[in-house]
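Notes for the structure review
In case you want the letters, here they are:
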Amino acid sequence: MKFPPGFLDEIRNRVAISSVVGKRVQWDRRKSVPARGDFWACCPFHMEKTPSFHADDRKGRYYCFGCRQSGDIFTFLVEKEGFAFPEAVERLAQEAGLPMPKFTAAEEEREARRSTLYEVMEMAASFFEAQLQLPRGATARGYLADRGLPQAVQQHFRLGYAPDDRQALRSHLAEKNVTLEQMIEAGLVISGEDIPVAYDRFRDRVMFPIRDPRGKVIAFGGRALSDDAQAKYLNSPETPLFQKGRVLYNFDQARAAGHEQGTIIAVEGYMDVIAMVRAGFANTVAPLGTALTEHQLALLWRTAPEPILCFDGDAAGLKAAYRALDLALPLLKPGQSLRFALLSEDQDPDDLLKHEGAAAIKAVISSADAMIDVLWRRAIESNDRSTPERRAQFESELELEISRIGDGKVRLYYAAEVASRVKALLGGAAPPKRWRTAVAAFGSKLAVVTRRERNRKGWIVPRPWDYVQPVSMELKAMARKGQSRQAADRRERAILLAVINHPRLLDDFAEIFADLEFSARELDSLRRQIIDIAALEASLDAAILRDHLHRKGFGPLLERIDAQFQRLREWFVLPDAAVKDVRTGFRQMVALHRKTITLARELKAAETTLAEHPSDENLKNLNEIREQMRSAAGEEALIEGFGEDSGRPQSPVA
């Protein structure tokens, strides 16, 4: 319904924004200046401790510098109070002492029809609620009891039952003088030229009323009780009241909780919403049997800057998460994003609540991933990076994804973050300890280091082991002990087996492991695969890691490595070794590996640099590397206490 602009302006002139907003907030006395119409408060749209919400009576506008919500007196009633715009106008017109304008007969008829349909839907909701408590609703009550929903929960969500009768609702509404045309328009009965007698759309189903933001029933979702039903869930068709892509189930009740808690959670279905609310998350909603739409996403963002999307742990749930990711990417803005909480495989919130309790759901929500992590996960899972061409394709596809981001500043930050992750993954730089976020923290650290080096020297300093230069005979002899091809291969296998049998080593040695350079190609491929798997697993144990590696085709190689180390003395890499001994042995093996591989290359680079640019500084650098080569670090060593925790006799660690 359209209102004359002059009428709306007159309401704005008569009703101060502070008087409307002031009913929901406490003005800050220190910052507010009422004489100037200048008011400050903690924002009613999100949780905050320092007032950043500003209302200006002179402009008739409000704005939050935290969540960026803004509007006028009409917007506030619509967004915060849940009014429809015509209702907000009528409410404020009364406050301003203005009579409502007259409308054309057609406009008044259309509004009257909508009002009547609201009444019809309320009659239907009350009918379904009553049927649930009658003898014919026994099966439905049993179903709800089996799902763990007590009567208080049923009443809170106004659950009901549609009888297994083609005329039950139609007859009931007809007795209340509802016409067949109104029933059809409301989507409650099915009719057509090939249907002699119109009949109820919902039959033998548990009924879930769907409400608009004001709490008025506008549609229904029905869950079939019979296994023979064609559709397990059936929603109302689109009507003058209901467009499913513009509505979220439970939004009327979740919106206020979302504003107060600073976030809102979207799950997949009705029962998931109910489970989440029972677990303490009153700020939970669900789309209506379809993928999340742009309009639904806008509703979520009006409530909170970073909604959490919680999807089932099956393939369909992951697919839904990726669809939401694609939908949101072009719409990202500074401070406006999504987070993703992905459940374990074949679980939904209702199952999780039933088997593990509310604490398990809270743990899933609290560990929700940022959008960048989900984008990265999809790229990692869907791309083979085994050849240079495929690695190039991997980068190109990520660049294409980022180019879809509409906001330039957000796009810039995504590009920088992804660049650091790609460099860490493909360029040999080290990921951070928290593998699940796939080197986000390390990317930031790397950026600081390279920026400092660039400012100091004007160019990025290559890592010393990137140089390949001739080495002197003297220094080659000095490092000969650990450099045989056979010794290096055995040491690389031992390092890999230690990580495979004891993945917790990555908690402390992730950067070291990612930095290692293996001479054997198949062993280096295995190392990279471990990095990829660890980047996708929040908690990795030996069984999970081995299963992943077998599925990736590394089974035969693992069998050969296992067999080899059953015969050799490196017992500290085997599964039954004590953690302390594993850590000690791993550090010693890595030190020797770095000495014989990395320091040798540093030595070559230092020699070449000194030859080309003789200076005291370059000579000092060369001597320092020589001293490291001469040191005992990395040599075969007897370490005090080594082996005691594992019940083994002390032996040297090579």
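In the block above lies the structure referred to throughout.
Please read these numbers as outputs of a predicted model, since none were measured by experiment.

**Quick word on the overall build of the protein**
Secondary structure summary: the protein contains 27 helices and 15 strands in total. Just so you have it, the protein exposes about 32100 Å², and 50% of that area is on carbon and sulfur atoms.

**Description of the pattern of salt bridges**
Enumeration over the complete set of coordinates arrives at 26 salt bridges. With a closest N to O distance of 3.6 Å, aspartate 28 and arginine 30 form a salt bridge. Aspartate 28 sits in the buried class, given a relative accessible area of 11%. Arginine 30 sits in the exposed class, given a relative accessible area of 77%. With a closest N to O distance of 3.3 Å, glutamate 401 and arginine 404 form a salt bridge. Given a relative accessible area of 18%, glutamate 401 falls into the buried group. Counted as one network, the salt bridges with shared partners bring together Asp326, Arg378, Glu401 and Arg404.

**Remarks on the sheet that holds strand 13 (residues 308-311)**
Read across the sheet, five strands follow the order 12-11-13-14-15 without closing on themselves; strand pairing throughout is mixed. With partners counted over all chains shown, the strands left at the sheet margins are strand 12 (284-285) and strand 15 (369-370), one partner each. Here four bridges tie strand 13 to strand 14 (residues 339-342), and the two strands are oriented parallel to one another. From the neighbouring strand, phenylalanine 311 faces strand 14, where its bridge partner is leucine 342.

**Regarding the environment of alanine 304**
Checked against the element boundaries, alanine 304 lands in the loop between helix 12 (294-303) and strand 13. The spacing of alanine 304 and cysteine 67 is 237 residues in sequence and 7.6 Å in space, taken between C-alpha atoms. The contacts of alanine 304, once residues within four sequence positions are left out, are Gly262, Thr263 and Ile264.

**Side note on the side chain of glutamate 79**
In this structure, glutamate 79 sits in helix 3 (residues 73-81). Looking at glutamate 79, the relative accessible area reads 14%, which means it is buried. Dropping the residues within four chain positions of it, glutamate 79 is found in contact with Phe45, Arg255, His259 and Arg302.

**Details of the nonpolar core**
The nonpolar side chains of a soluble globular protein tend to be buried, and buried together. One finds Phe340, Leu526 and Ile530 to be the most contacted residues of the largest nonpolar core, which totals 80 residues. Excluding residues within four positions of it along the chain, phenylalanine 340 makes contact with Leu309, Phe311, Ala321, Ala324, Leu325, Ala368, Asp369, Met371 and Val374. In this structure, Phe128, Ala162, Ile210 and Val267 belong to the second largest nonpolar core, which totals 63 residues.

**Quick notes on the environment of isoleucine 533**
In this fold, isoleucine 533 is placed in helix 23 (residues 521-536). Residue classification places isoleucine 533 among the buried positions, given a relative accessible area of 4%. Spatially, the C-alpha atoms of isoleucine 533 and histidine 548 are 7.4 Å apart, while their sequence positions differ by 15 residues. Apart from the residues lying within four places of it in its own chain, the contact partners of isoleucine 533 are Leu540, Leu545, His548 and Leu549.

**Focus: the sheet that holds strand 8 (residues 205-211)**
Overall, antiparallel pairing links the four strands, which are arranged 5-8-9-10 in an open sheet. Where the open sheet ends on each side, the last strands, each with one partner, are strand 5 (160-162) and strand 10 (233-235). Mean inter-strand twist for the sheet, computed between neighbouring axes without regard to direction, equals 35 degrees. Two strands pair when backbone bridges link them, and strand 8 and strand 9 (residues 217-224) are joined in this way by seven bridges, in the antiparallel orientation. Pairing of isoleucine 210 across the sheet is with alanine 219, part of strand 9. Sitting on the sheet, helix 11 (residues 270-278) is in contact with strand 8, strand 9 and strand 10, with an inclination near 75 degrees to strand 8.

**Here's the deal with the pairing of strand 13**
Across the two faces of strand 13 the burial is the same, with Ile308 and Cys310 and Leu309 and Phe311 all buried. In this sheet, strand 13 lies alongside strand 11 (residues 265-266) in parallel orientation, the contact comprising two bridges. What sits directly across from alanine 266, in strand 13, is leucine 309. As a crossover connection, the stretch from strand 13 through helix 13 (residues 315-328) into strand 14 is right-handed.

Scoring rules and cut-offs
Chains are numbered independently. Their residues run from 1 in the order of the written sequence. Per-residue local features of the predicted model are confined to residues with pLDDT of at least 70, and side-chain atom pairs are confined, for both listing and counting, to 80 or more; whole-chain, interface and lining totals are unaffected and use all residues. Water and hydrogen atoms were dropped before computing side-chain values, which therefore reflect all heavy atoms in the structure. What counts as a helix is a DSSP run of H or I of at least four residues, what counts as a strand is a run of E of at least two, and both are numbered from the N terminus. Computed by Shrake-Rupley with a 1.4 Å probe, the accessible areas treat only the displayed protein chains as cover when residues are assessed. Salt bridges are counted wherever a side-chain nitrogen of Lys or Arg sits within 4 Å of a carboxyl oxygen of Asp or Glu. Each residue gets one of three labels from its accessible area relative to the maximum for its type: buried under 20%, exposed over 50%, partly exposed in between, using a 1.4 Å probe on protein chains only. What makes two strands pair is DSSP finding at least two bridges between them. Any pair of residues with heavy atoms lying within 4.5 Å of one another is described as a contacting pair. Put simply, buried Ala, Val, Leu, Ile, Met, Phe, Trp, Tyr and Cys residues joined by side-chain atoms within 4.5 Å make one nonpolar core. Inter-axis angles, ranging from 0 to 180 degrees, are taken between N-to-C directions of lines fitted to C-alpha atoms, where helices are fitted over the stretch in contact. When the strands point away from the viewer, a crossover counts as right-handed if the path from the first strand over the helix to the second runs clockwise.

Fair warning: the whole summary comes from geometry, so function is off the table for now.
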